[in-house]
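# Close look at the chain arrangement
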Amino acid sequence: MLAYVIRRLFAGVIMLIVMSIVTFALFFASPIDEASFICGKNCSAAQKKQTSAAMGYDDPFAEQWWKFAKGVVQGRDYPDDPQLRETAPETIVHCDAPCLGYSRERGDTVTNLIKDTFPVSFSLAVAAFILWITGGVLLGVIAALKKGTVIDRGLVGLSLIVYAFPTFFVGLVLYKFVAIKWGLTEIPRYTSIAEGGVGGWLSSLTLPAITLAVFFMAAYVRMTRSYVIESFQEDYVRTARSKGLPERTVTFKHALRAALTPIVTMAGLDFAGLMGGAIITESVFNYPGMGKLAVRASQDFDLPTTVGLVVLLAAFVIIANIVVDLLYAVIDPRVRLG
Amino acid sequence: MTIPGSELEIHETDAPVEDDSVVSVAGRSPTQLAIARFRADKLSMISFTVTVFIVLCAIAAPILVATGVLHPNEFHQELLSDDGVAPAGRFGGISWDHPFGVDPASGRDLLARLMLAITSSLTIAISGTILTVIIGSVLGIVAGFSGGFVDAVIGRIIDLTLSFPQTLMLLALSGPVVLMFRTQIADFAPLSFFESADLSNGFYVILILAIFGWPPVARVVRGQVLSIREREFIEAARLLGASRRRLYFKEVLPNVWAPVLVYVTLLVPAYISAEAAFNFLGVGIKPPTPTLGNILGDSVSYTSADPMYFFLPGALLALIVVVFNLVGDGARDALDPKSHR
C-alpha cells in the first residue's frame, strides 16, 4: 500500500512537471509581449528592454521554466536582480515557497492572490458537493428501486431536462429573476464567516451552490440509477436473496455498496475540478473566487496568474486521482492496489 | 459489431401462406436489428423526428436568408416600445409577422436570428465532434493495436490532457490563438465567403472542444480494439500481408463504429451547450452573426426589460440538447441491448 502511494505520488510529480512545461511552452509561444504590458503605454524601447531583462523575459525558455520550478520549491524574488537588491531592496517583492509567480497587473504574488480567492471557491465547491451528492444519489437510488413506475420516469425525465440547461442559464435565472426581479431571496453577495458568521456565509452560498449542484445532480441521478439497477442483477444479490436475507439487507449491504463505488470515483474527480473555481458560476454571481480570478487574468493577459492557476488546478486533479484510487480500494474489497 | 451471420431471426411472413409449414427464414444484420430496435422505441423516434426537423432548420436558414425570406439583420425600431429598448406588445413583441417576437433595442426578427443561430451552433458542434472523433479514433486505434510503449505514451498523453483545466485554458489561450488564426485565415481565398472574425473565433472554439474532448473517445476505441485485435480476421489479414494502415482503418475501424456512434450523438449536444457557455464567457462567434450562445449572452442585459428574449433562446437550447441526448440514449439502447436506461 505504502509503496503504491509513493509510486503514484512520484508519477504525479512527474506529471505536474510535464504539465507545467507544456503550459509554459504554450504561453511562451504566445505573441503577447508581456514586457510592454508591464512597462505601460509611454514606455521607451530602452525602458522596455530593462523591464524585460529584470523580469527575466529575455531568458531562454528552459531557464524561465527552471526559475518557476525553483520558485515553487524555494520561493523567489521579483525582480531577481542582484544590483537592485543592493541599491533599492524595498522595490523587491519576495515570494515565499510555494511561489507560483508574480502578477504585475495586480501587484501581488500569485500565491497571495490564490490565498485570497481560494476560500470562496472552496466554500462553493463544498456546499455544491454536499447538495449534489445527497440529492443526486438519493434520488438516483429511489428511481432505481421504483424502476418503471411514475416516480422513476418523472425523476429520469426531470434530470434529462435539467441537464440540458447550461449552468450559466440556471445561474442567471436564479440571480436575475429569483433574487433580483422577484425578490424571493436576498441578492447574493459572498460573505465570509468572519464577516457574517456561519449563517451569513451559508446563505450567501445558497444560490450559487444550487446553480452548480443542479447540473451535477441531474447527471448523478441518472448515473446512480443505472449503477444500482445493474448491481441488482449481479449474482451475489441473487445469492443474498436466495439465502433468505431480508430485502433491506440485500438492498443496502449488498446492492448499494457495490453500486456506489464508481460514484465515489466520479464525485472525487468532479469535486477536485470544482475546487479550482467554478468559472461560470462565479462569473454569473460575481463571486471573488479563483474562477473569477482566472477570467480577469485572461482578460488582462496576466500570464503569470494564468500559468500559476493552471498548474495549481492540475495539481488538484492529479492529487484527487490518487486519493480516489486509494478510496476505491478501501470501499471495494475486490480492488487490489498494485 | 458487424460480424456477419451472428444473428438469425426466424419470423413468419404476414402474407397468406398456402402451406402452414412454410416459414421464411430471413437473416438480418446487427445493423438492421439495431435500426428495428430504435424504431420500436417511441421516445427515440419522436426525438429523432425533432432532431431531423432542427437539422433541416439549420440547413434551410442560410438559404432562406439568401433568398430574402428571413431578415435576421433588419432593424425595426417601430416595433419597440417608447423607451426604445423593450419590444412593443406582449411577450417580447410576438405577432404574426414575428412569431418569436423581436429582439430588444434593435427590433430584429427573433425567429430568423434563432434559426440562423441554430445553423452556426450546430456547425460548430458538429465540426467539433468530427474533429474530436478523428483524433480520438486514430489515437485509440493506434494505442490499442500497437500496445506496449506506444500505448503507454498515448495513455500518459490522455492523463495529461484530462488534468488540464479546460475552461481556464480556453480563456487564457483565446487572445493569442484567435489573433494568430485571424492573420492566417484572412488571406485564405476559399473561405473568404465568411467573415474572417467569425471564422477565426469559430475555429478556435472547435479546436478547444476537440483538443480537450478526444480522450474519452480514444479510451472507448482503445478498449474495443483490445478485444478485436486478437480475433481471427485480423490475423488472417495480417497473414495476407495487409499494411498497418489497412489493418487500422479497413479491418479494425469498421468494427468499433457502434460505441463511437453512441458517443458522437452525445457529444453534439454537449458541444452545443459548451458553445453557449464559452460565448457567455466571451469566447466564440460575436454578433451580428448569431449563435445560440451569443443571443443568450446578449439577452442577459435585457432580463428585466424583455424576459422573453432570455427564456425563449434558453428553452430552445435546452430542447435541442434534450432531443439530441434522447437520440443518443436510443442509439445506445438499440446498439447495445444489454444496456439499460
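Note that the structure is a prediction, hence the values are computed from the model and not measured.

## Some words on the overall build of chain B
Of the regular secondary structure elements, chain B holds 11 helices and two strands. Seen in sequence order, chain B has helices and strands lined up from the N terminus as β-β-α-α-α-α-α-α-α-α-α-α-α. Restricting to contacts in chain B with at least 6 residues of sequence separation, those with at least 24 account for 67%.

## Focus: the confidence of the model for chain B
Residue and element names in this part refer to chain B. Of the residues in chain B, 81% reach a pLDDT of 70 or more, and the chain-wide mean stands at 80. Mean pLDDT per element in chain B: strand β1 (residues 8–10) is the minimum at 43, and helix α3 (residues 110–146) is the maximum at 90. Across residues 1–18 the pLDDT falls below 50, and counting only partners more than four positions away or on other chains, this stretch makes 23 contacts in the model. Here the predicted complex scores 0.83 on pTM and 0.82 on ipTM.

## Details of the packing of helix α4 (residues 148–163) of chain B against helix α6 (residues 196–228) of chain B
Residue and element names in this part refer to chain B. At a minimum axis separation of 9 Å, α4 and α6 run at an interaxial angle of 140 degrees. Between α4 and α6, the angle is such that the two are oblique. In this structure, α4 meets α6 at a crossing whose hand is left-handed. Residues Ile154, Ile158, Thr161 and Leu162 of α4 lie in contact with α6, whose contacting residues are Phe212, Pro215, Ala218 and Arg219. In terms of residue class, the contact of α4 with α6 is made up of six nonpolar, one polar and one charged.

## Some thoughts on the interface of chain B and chain A
Across the contact, 31 residues belong to chain B and 36 residues belong to chain A. Of all the elements in the fold, those that place two or more residues in the side of chain B that touches chain A are α4, α5 (166–185), α9 (257–280) and α11 (307–335) of chain B. The leading source of residues in the side of chain B that touches chain A is α5(B), at 10 residues.

How each quantity is defined
- For every chain, the first residue of its written sequence is number 1, and the numbers climb from 1 along that sequence.
- Just so you know, chain letters begin at A and ligand numbers begin at 1, following the order they were written in.
- Totals for whole chains, interfaces and linings use all residues, but because this is a predicted model, local features are given only for residues with pLDDT of at least 70 and pairs of side-chain atoms are given and counted only at 80 or more.
- Only DSSP runs of H or I covering at least 4 residues are called helices, and only runs of E covering at least 2 are called strands; the numbering of each starts at the N terminus.
- Any two residues are considered in contact once their C-beta atoms, placed from the backbone, lie within 7 Å.
- What pLDDT conveys is the predictor's confidence in a given residue, as a value from 0 to 100.
- Working convention: axes come from line fits to C-alpha atoms, limited for helices to the stretch in contact. Angles between N-to-C directions cover 0 to 180 degrees.
- By definition in this entry, angles of less than 35 degrees are roughly parallel, angles greater than 145 are roughly antiparallel, angles of 65 to 115 are roughly perpendicular, and the rest are oblique.
- For any helix crossing, the convention is left-handed if the near helix is rotated counterclockwise from the far helix by under a right angle, and right-handed if that rotation is clockwise.
- Only Asp, Glu, Lys and Arg are considered charged, only Ala, Val, Leu, Ile, Met, Phe, Trp, Tyr, Cys and Pro nonpolar, and every remaining residue, Gly among them, polar.

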